[in-house]
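Breakdown of the fold
So you can see what is in the structure, the chains are spelled out below.
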Amino acid sequence: MNDFVRNFVLVEGWLRSYVLQAPLPALGGFHMELDVRGRHLQVSAALRSHLARRLAFALGRVSHRIGSVRVRLEDVNGPKGGIDKRCRVSVRGDRGWIVIVEELDSDAYTAVDRAAGRAGRAVQRTLGRMQA
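Below you will find a few notes about this structure. (Residues numbered from 1 in each chain as written. Predicted model: local features only at pLDDT ≥ 70, side-chain atom pairs only at ≥ 80, totals over all residues. Heavy atoms only, no water.)

With respect to a nonpolar patch on the surface
A cluster of nonpolar side chains, V76, I83 and L104, forms an exposed patch at the surface whose accessible area comes to about 270 Å². Along the chain, the position of I83 falls in the loop between β4 (66–75) and β5 (85–93). (Patch = residues over 30% accessible without salt bridge, like charges linked within 9 Å, V, L, I, M, F, W, Y side chains within 5 Å. Areas by Shrake-Rupley, 256 points an atom, 1.4 Å probe, with all protein chains shown as cover. Salt bridge = Lys/Arg side-chain N within 4 Å of Asp/Glu carboxyl O. Helix = DSSP H or I, 4+ residues; strand = E, 2+ residues; numbered from the N terminus.)

In structure tokens form, the structure reads like this:
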């Protein structure tokens, strides 16, 4: 999973890490464009790995219909605490559709889990509507 740690560039307060066409082992080596950024929150290698696993599980069955996935992790309140970790997942499909899901929680891992699960269900629902 160390393939997910590539470049780090600080741009306007966002810690930007690019992972383009990184293989997701849980998908049998399928390649998906994944862009992860953190704002006021250090995105560790462990969190990045957890995020990749959760997205691979949630989007694995429809991964051939997905063009790119953008994830934004943010600490809303800073050091004040509380329910302030935001995880926004944007999934862009192969035919122009976009699904955006956002979750707030006091723990970044829980926010990632919930957002990935909701994104998977929303993408499947969107694809089901397109077939009907």
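Alright, that's what it looks like, and here's the rest.
A closer look at the pairing of strand β6 (residues 98–105)
Of the two faces of β6, only the one carrying V99, V101, E103 and D105 is buried; I98, I100, E102 and L104 on the other face are not. The pairing of β5 with β6 spans eight bridges and is classified as antiparallel. Bridge pairing in β6 links V91 to V99. Counting the residues between successive antiparallel strands, the hairpin from β5 to β6 contains four residues, one of them, G96, with a positive phi of roughly 95°. (Buried < 20%, exposed > 50% of the residue type's maximum accessible area, 1.4 Å probe, protein only. Pairing = 2+ DSSP bridges.)

Observations regarding the packing of helix α1 (residues 45–59) against helix α2 (residues 108–131)
Taken N-terminus to C-terminus, the directions of α1 and α2 make an angle of 20°; their axes are 9 Å apart at the nearest point. The angle between α1 and α2 falls in the class roughly parallel. Relative to α2, the crossing made by α1 is right-handed. Listed contacts from α2 to A46, L47, H50, L51, R54, L55, A58 and L59 of α1 are A108, Y109, V112, D113, A116, A119, G120 and V123. Its residues placed into classes, the contact of α1 with α2 shows twelve nonpolar, two polar and two charged. (Axes fitted to C-alpha atoms, helices over the stretch in contact; angles between N-to-C directions. Parallel < 35°, antiparallel > 145°, perpendicular 65-115°, else oblique. Left-handed = near helix turned anticlockwise from the far one by under 90°. Contact = heavy atoms within 4.5 Å. Nonpolar A, V, L, I, M, F, W, Y, C, P; charged D, E, K, R; others polar.)

Comments concerning the pattern of salt bridges
Once the charged atoms of two side chains with opposite charge are near each other, the side chains can pair. Counting across every chain of the model gives ten salt bridges. The partner of R86 in a salt bridge is E74, and the shortest N-O contact between them spans 3.3 Å. Of this pair, R86 sits in strand β5 while E74 sits in strand β4, and the two are twelve residues apart along the sequence. Residue E74 is classed as buried on the basis of its relative accessible area, which comes to 18%. Taken together, the salt bridges that share partners define one network made up of E74, R86, R88 and E102.

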